[in-house]
Amino acid sequence: MSLKIIAKNLGLSITAVSRALNGHSDISEETRNIIKAEAERIGYQPNTNAQRLKKGKSDAVGLVYPYASSLSNDFFFAMVSAIGHQLAKKEVDFLLITDEQQGECQTFIRLIEGRRIDALIVAHTLEQDPRLALLQQKKVPFLALGRSQLPQPYAWFDFDNRLGLDIATEHLITLGHRRISLLSEDRQQAFIMQRRQGYRDALLRHALSCSPYLKTADVTRRAGYRATLELLALPEPPTAIITDGSVQGEGAVAALREVGRLSGPDAVALIVYDGLPEDCLTRVDATAIIQATREEVGNQIAQMTLALMAGEPVEKIQMLWQPTLRQGTTTFPLKS
């Protein structure tokens, strides 16, 4: 149904009908209500594309994520789902954009220039991120998921990742552990570097070394499993392990259980960042560093993105959330 039909049925001009349905104040409240009632009666639906073209906006947001492994991460995927759900409530389309060649930005620059998206959410940022620098240079609105070093203020959402690993490592040291391992993803994203720094900071405060206990492991169960077995084969194996992710954590649990060191007198303490996956096959109440629920994170990012699209100053769109330690059964005092 078109505006012409509403105008004809009510004996009004198309301009008056259009202005009434778009909320213009020069149309009386009585006339506006009559027009809205008629539009509802005949099932009128506005032309969304025409409205977007008129406003000069697409009402669409793109999320840029690394091609390699992000969607295999339970926390990341659930967060993305929550963002999309919240944006849909505001009739904002949500696009996923793989970042196969970091730094070149060709795909999302093309989308911006073609007015197919109004803003970007950039996931897994680097400490020195050429993508963000280019977006800032081109004055493209973006929300960075993670802090980076840029010449001008920008919108960002982040967790205090350094503090999270500091809390985990300090907890184990307080329990008497001195040989503490970290399974960390072998990538240069800012959150990974920050977590490693928190681990090192805590060890340094107690004159402890991370060598040879800082070990890289991809975000797979198999990688966590193999890395744990390799650590246990060291001449002086760790008495405690921290995994920088839930998936590696499940692999570590499987390895420890296999060699009889998940419980009992020879048990190795374990802390899993973000906790074990919800579909973990092994029922273990693992001690974890908790940031927030997936829904809470997704909702917060969606609200910040909408504020960015509304033109709020980027200095007001910055948020740092704090992690906490959730005590489980997998951390305990060092057994002599």
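Basis of the calculations
- Residues numbered from 1 in each chain as written.
- Predicted model: local features only at pLDDT ≥ 70, side-chain atom pairs only at ≥ 80, totals over all residues.
- Heavy atoms only, no water.
- Helix = DSSP H or I, 4+ residues; strand = E, 2+ residues; numbered from the N terminus.
- Contact = heavy atoms within 4.5 Å.
- Areas by Shrake-Rupley, 256 points an atom, 1.4 Å probe, with all protein chains shown as cover.
- Phe/Tyr/Trp six-rings, centres within 6.5 Å; stacked < 30°, edge-to-face > 60°.
- Buried < 20%, exposed > 50% of the residue type's maximum accessible area, 1.4 Å probe, protein only.
- Lys NZ or Arg CZ within 6 Å of the ring centre and 35° of its normal.
- Salt bridge = Lys/Arg side-chain N within 4 Å of Asp/Glu carboxyl O.
- Pairing = 2+ DSSP bridges.
- Axes fitted to C-alpha atoms, helices over the stretch in contact; angles between N-to-C directions.
- Right-handed = clockwise from strand over helix to strand, strands pointing away.
- Core = buried A, V, L, I, M, F, W, Y, C linked by side-chain atoms within 4.5 Å.

K.L.:
Tell me about the overall build of the protein chain, and please be specific about residues and values.
P.N.:
Assigned secondary structure in the protein chain consists of 12 helices and 12 strands. Partitioning the intrachain contacts of the protein chain with sequence separation of at least 6 by distance along the chain shows that 67% fall at a separation of at least 24. Summing over all exposed atoms, the protein chain offers an accessible surface of approximately 16,800 Å²; the carbon and sulfur share of this is 50%.

K.L.:
For the environment of Leu 132, give the residues involved together with the corresponding values.
P.N.:
Relative to the helices and strands, Leu 132 is located in helix α7 (residues 130–137). In sequence terms Leu 132 and Tyr 154 are 22 residues apart; their C-alpha atoms lie 9.2 Å from each other. Aside from chain neighbours lying at most four places away, what touches Leu 132 is Val 122, Thr 125, Phe 142, Ala 144, Ser 148 and Leu 150.

K.L.:
Which residues make up the packing of aromatic side chains, and what values do they have?
P.N.:
Across all of its chains, the model carries 4 aromatic pairs by this definition. With centroids separated by 5.1 Å and ring planes inclined at 80°, the aromatic side chains of Phe 157 and Trp 321 adopt a geometry described as edge-to-face. In this pair, Phe 157 is assigned in strand β5 (residues 155–159) and Trp 321 in strand β11 (residues 318–321), connecting sequence segments 164 residues apart. Here Phe 157 matches Trp 321 in class, with each residue buried. An aromatic cluster of three or more residues is present, and its members are Phe 157, Phe 159 and Trp 321. Arg 147 extends its terminal NZ or CZ atom over the ring of Trp 156, reaching a point 5.6 Å from the ring centre. When the ring centre of Tyr 273 is taken as reference, the NZ or CZ atom of Arg 195 above it lies at 3.7 Å.

K.L.:
Quick one: what's the story with the pattern of salt bridges, residue by residue and with numbers?
P.N.:
Across all of its chains, the model carries 13 salt bridges by this definition. Note that Arg 221 and Glu 250 form a salt bridge whose closest N and O atoms lie 2.6 Å from each other. One end of the pair, Arg 221, is in helix α10 (residues 221–232); the other, Glu 250, is in helix α11 (residues 246–258), with 29 residues separating them in the sequence. Exposure remark for Arg 221: the relative accessible area of 35% places this residue in the partly exposed category. Overall, Glu 250 belongs to the buried group, its relative accessible area being 9%. The network of salt bridges with common partners includes Arg 162, Asp 166, Glu 170, Asp 201 and Arg 205.

K.L.:
Outline the sheet that holds β11, listing residues and values.
P.N.:
One open sheet holds the 6 strands; their spatial order is β2-β1-β3-β4-β5-β11, and the pairing between them is parallel. Single-partner strands in this sheet number two, and they are β2 (93–99) and β11. Strand-to-strand twist across the sheet, computed as the mean angle between neighbouring axes with direction ignored, equals 15°. Two elements, strand β4 (residues 142–145) and β5, share 3 bridges in a ladder whose sense is parallel. In the sheet register, Leu 145 faces β5, and the bridge partner there is Phe 157. Against the sheet, helix α12 (residues 294–309) touches β1 (60–66), β3 (119–122), β4, β5 and β11, its axis set at about 165° to β5.

K.L.:
Describe the pairing of β3, listing the residues and the values that go with them.
P.N.:
Burial along β3 is two-sided: Ala 119 and Ile 121 facing one way and Leu 120 and Val 122 facing the other are all buried. Sheet topology places β1 next to β3; 4 bridges connect them, and they run parallel. Residue pairing in the sheet places Val 61 in a bridge with Ala 119 of β3. The sheet contact formed by β3 and β4 spans 3 bridges and is parallel. Note that in β4 the partner of Ile 121 across the bridge is Leu 143. Between the parallel pair β3 and β4, the chain is carried across by α7, and the sense of this crossover is right-handed.

K.L.:
Go over the nonpolar core, please, and point to the residues and values.
P.N.:
Inside soluble globular proteins, nonpolar side chains tend to come together where they are buried. By size, the foremost hydrophobic cluster in this structure holds 29 residues, and its most contacted members are Met 79, Ile 83, Leu 143, Leu 145, Phe 157, Val 297 and Ile 301. Put simply, the parts of the chain that give this core at least two residues each are β1, α5 (74–89), β3, β4, β5 and α12. Per element, the largest residue contribution to this core is 8 residues, and it comes from α12. Not counting residues within four places of it along the chain, the set of residues in contact with Ile 83 comprises Leu 63, Phe 94, Ile 121, Gly 298, Ile 301 and Ala 302.

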